[in-house]
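Now for the letters of each chain:
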Amino acid sequence: MGSVSFAERIKQFFGVKSAVSEDVFDDLADLLIEGDFGAAEAFRTVEELQSVSKKNKLSDREEVRQALAELLEQKIVSKNPPLLNKETLTAILLLGVNGVGKTTSAAKLAAMYKNSGNKVILAAADTFRAAAVDQLIIHGERLGIRVAAHKQGGDPAAVIYDALETAKAGNGNLIIADTAGRMHTKNALVEELKKIDRVLESRAADADYYKWLVLDSTTGRNALAQAEIFHDAVKLDGVILTKYDSSARGGIVFSLSDALKLPVLFVCDGEKYENIKAFNPHVYTREFLGLD
Ligand SMILES: Nc1nc2c(ncn2[C@@H]2O[C@H](COP(=O)(O)OP(=O)(O)O)[C@@H](O)[C@H]2O)c(=O)[nH]1
Ligand SMILES: [Mg+2]
């Protein structure tokens, strides 16, 4: 792709003043694939677009771009982030492989929900890396938020258990749990996550419980493979898309919808606490197609 960003390429593509021919649609399929669409999905989308274009007698690329925006927006499975009940307990489990931004997202969510009046407890259930626990404790200190933590190597399920007890003692209505994401032994990770999941299901049976997968938007199609593994293991409720400030191409959102019916709940576009916002399918689609 060179140094030209995907958004620029798609802008250039639609900026060309020419009639829409068969070739234009072929090129568009290629472009969507470059933008992290799956091949089958890209061809299907272009076929649908071709039939819409024919039906509505669209003649230039700009009209086709508008039609594509509508088509793509309809494909997104969307869901607003939940409104939390402050009178009852809510637990949010963050999952994902190393480096995607789980710990950072845990802190961002904690800051956001604290600002809207929730009493938050962060749970340092990534006990695999000492640095992960320290990183969360530092966020907790900065944000004035309690962190449930054990020493490195401890049982992550026990950390969650502690956080639940602390909350039940009246010290919080929202638990946000960070988890480990080492993928070198997929089975061990899946087993660990299932155990955490069981603790939450049984010890917080009356709580609202959400499982959100954190995905790095710069990893492209690999993100879909990650989502499949985690969704299989613990039935996810939604996705947090990180690093959207970088060279992300964005097509992955359409695949998450198409293949897994998984909604994206939040998009993060920087390292600061405030760099998180609720996902908006309309805005996202228009940004993806370089429309402002
Ligand atoms: N630019 C950018 N960097 C991010 C974002 N989210 C996380 N990071 C950075 O990505 C790196 C890994 O994040 P971390 O939360 O430790 O990932 P974890 O291993 O999944 O817990 C850190 O350097 C973060 O500052 C984001 O939305 N944008
Ligand atoms: Mg981490």
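Residues numbered from 1 in each chain as written. Chains lettered and ligands numbered in written order. Predicted model: local features only at pLDDT ≥ 70, side-chain atom pairs only at ≥ 80, totals over all residues. Heavy atoms only, no water.

Enquirer: I'd like a description of the packing of aromatic side chains, backed by residues and values.
Expert: With the rule as written, the count across this model stands at 10 aromatic pairs. Taking the centre distance of 5.1 Å and the plane angle of 55° together, the rings of F279 and Y284 count as tilted. Look at F279 and you get buried, because its relative accessible area is 7%. A relative accessible area of 3% means that Y284 is categorised as buried. Members of the aromatic cluster, connected to one another through ring pairs, are F6, F37, Y244, F254, F279, Y284 and F288. (Phe/Tyr/Trp six-rings, centres within 6.5 Å; stacked < 30°, edge-to-face > 60°. Buried < 20%, exposed > 50% of the residue type's maximum accessible area, 1.4 Å probe, protein only.)

Enquirer: So what about the site of ligand 1? Which residues, and what values?
Expert: Taken together, 18 residues form the shell around ligand 1, and within it G99, K102, T104, D245 and E271 come nearest. The backbone of V100 places a nitrogen or oxygen atom 3.3 Å from an oxygen atom of ligand 1. At a separation of 3.4 Å, an oxygen atom of ligand 1 approaches a polar backbone atom of C268. Protein chains shield 81% of the accessible area of ligand 1, which is 590 Å² for the free molecule. By residue number, the principal contributor to the shell around ligand 1 is helix α5 (residues 102-115), which donates 4 residues. (Near = heavy atom within 4 Å. Polar contact = N/O pair within 3.5 Å; in protein donor to acceptor, adjacent residues only side chain to side chain. Areas by Shrake-Rupley, 256 points an atom, 1.4 Å probe, with all protein chains shown as cover. Helix = DSSP H or I, 4+ residues; strand = E, 2+ residues; numbered from the N terminus.)

Enquirer: Give me the lowdown on the sheet that holds strand β5 (residues 208-216), citing residues and values where you can.
Expert: A sheet is described by the order of its strands in space; here 8 strands give the open sequence β3-β2-β4-β1-β5-β6-β7-β8, paired in mixed fashion. Of all the strands in the sheet, the pair left with one neighbour each is β3 (146-148) and β8 (276-278). Averaged over all neighbouring strand pairs, the angle between strand axes comes to 25°, with direction disregarded. Bridge count between strand β6 (residues 238-242) and strand β7 (residues 264-268): 3 bridges; the pairing is parallel. Counted as the bridge partner of I240 is F266 from β7. The strands touched by helix α8 (residues 186-203) within the sheet are β1 (90-95), β4 (174-179) and β5, with β5 carrying the most contacts at an inclination of about 155°. Lying on the sheet, helix α9 (residues 222-234) is in contact with β1 and β5; it crosses β5 at an angle near 160°. (Pairing = 2+ DSSP bridges. Axes fitted to C-alpha atoms, helices over the stretch in contact; angles between N-to-C directions. Contact = heavy atoms within 4.5 Å.)

Enquirer: Any chance you could break down the packing of helix α2 (residues 22-34) against helix α3 (residues 39-55) for me, citing the residues and the numbers?
Expert: Angle between the axes and distance between the axes are the two parameters that describe a pair of packed helices. Where α2 contacts α3, the axes come no closer than 9 Å and their chain directions differ by 145°. The chirality of how α2 crosses α3 is right-handed. Residues E22, F25, L28, A29, L32 and I33 of α2 touch α3, and the partners they reach there are A39, A42, F43, T45, V46, L49, Q50 and S53. Here the contact of α2 with α3 is built from residues that sort into 10 nonpolar, 3 polar and 1 charged. (Left-handed = near helix turned anticlockwise from the far one by under 90°. Nonpolar A, V, L, I, M, F, W, Y, C, P; charged D, E, K, R; others polar.)

Enquirer: Hey, could you go over a negative patch on the surface for me, with residue numbers and the actual values?
Expert: Taken together, E22, D23, D26, D27 and D30 make up a surface patch of like negative charges. The topology assignment puts E22 in helix α2. The class for E22 is exposed, based on a relative accessible area of 53%. (Patch = residues over 30% accessible without salt bridge, like charges linked within 9 Å, V, L, I, M, F, W, Y side chains within 5 Å. Salt bridge = Lys/Arg side-chain N within 4 Å of Asp/Glu carboxyl O. Lys, Arg positive; Asp, Glu negative; His and termini not counted. Charge placed at Lys NZ, Arg CZ, Asp CG, Glu CD.)

Enquirer: Please provide a residue-by-residue account of unusual backbone geometry, values included.
Expert: Note: most peptide bonds trans; most residues except glycine with negative phi. Of note in this structure, D36 is not a glycine but carries a positive phi near 80°. With a relative accessible area of 5%, D36 lands in the buried category. With a phi close to 50°, K57 is a non-glycine residue in the positive phi region. Within the secondary structure layout, K57 lies in the loop between α3 and α4 (61-75). On the basis of relative accessibility, which here comes to 71%, the residue K57 falls in the exposed class.

Enquirer: Could you give me a rundown of helix α10 (residues 252-260), with the residues and numbers involved?
Expert: Residues separated by three or four positions in an α-helix point in the same direction, a consequence of the helix having 3.6 residues per turn. For α10, the buried fraction is high: 7 of the 9 residues fall into the buried class. All of the buried residues along α10 are I252, V253, F254, S255, L256, S257 and L260. The first or second residue beyond α10 is K261, which carries a positive phi of 55°.

Enquirer: So what's going on with the packing of helix α7 (residues 156-171) against α8? Which residues, and what values?
Expert: The interhelical angle for the contact between α7 and α8, taken along N-to-C directions, is 20°, at an axis separation of 9 Å. In this view, α7 runs roughly parallel relative to α8, as classed from their interaxial angle. In the packing of α7 onto α8, the handedness of the crossing is right-handed. Contacts from P156, A157, I160, Y161, L164, E165 and K168 of α7 reach α8 at E192, K195, I196, V199, L200 and R203. For the contact of α7 with α8, the residue count by class is 8 nonpolar, no polar and 5 charged. (Parallel < 35°, antiparallel > 145°, perpendicular 65-115°, else oblique.)

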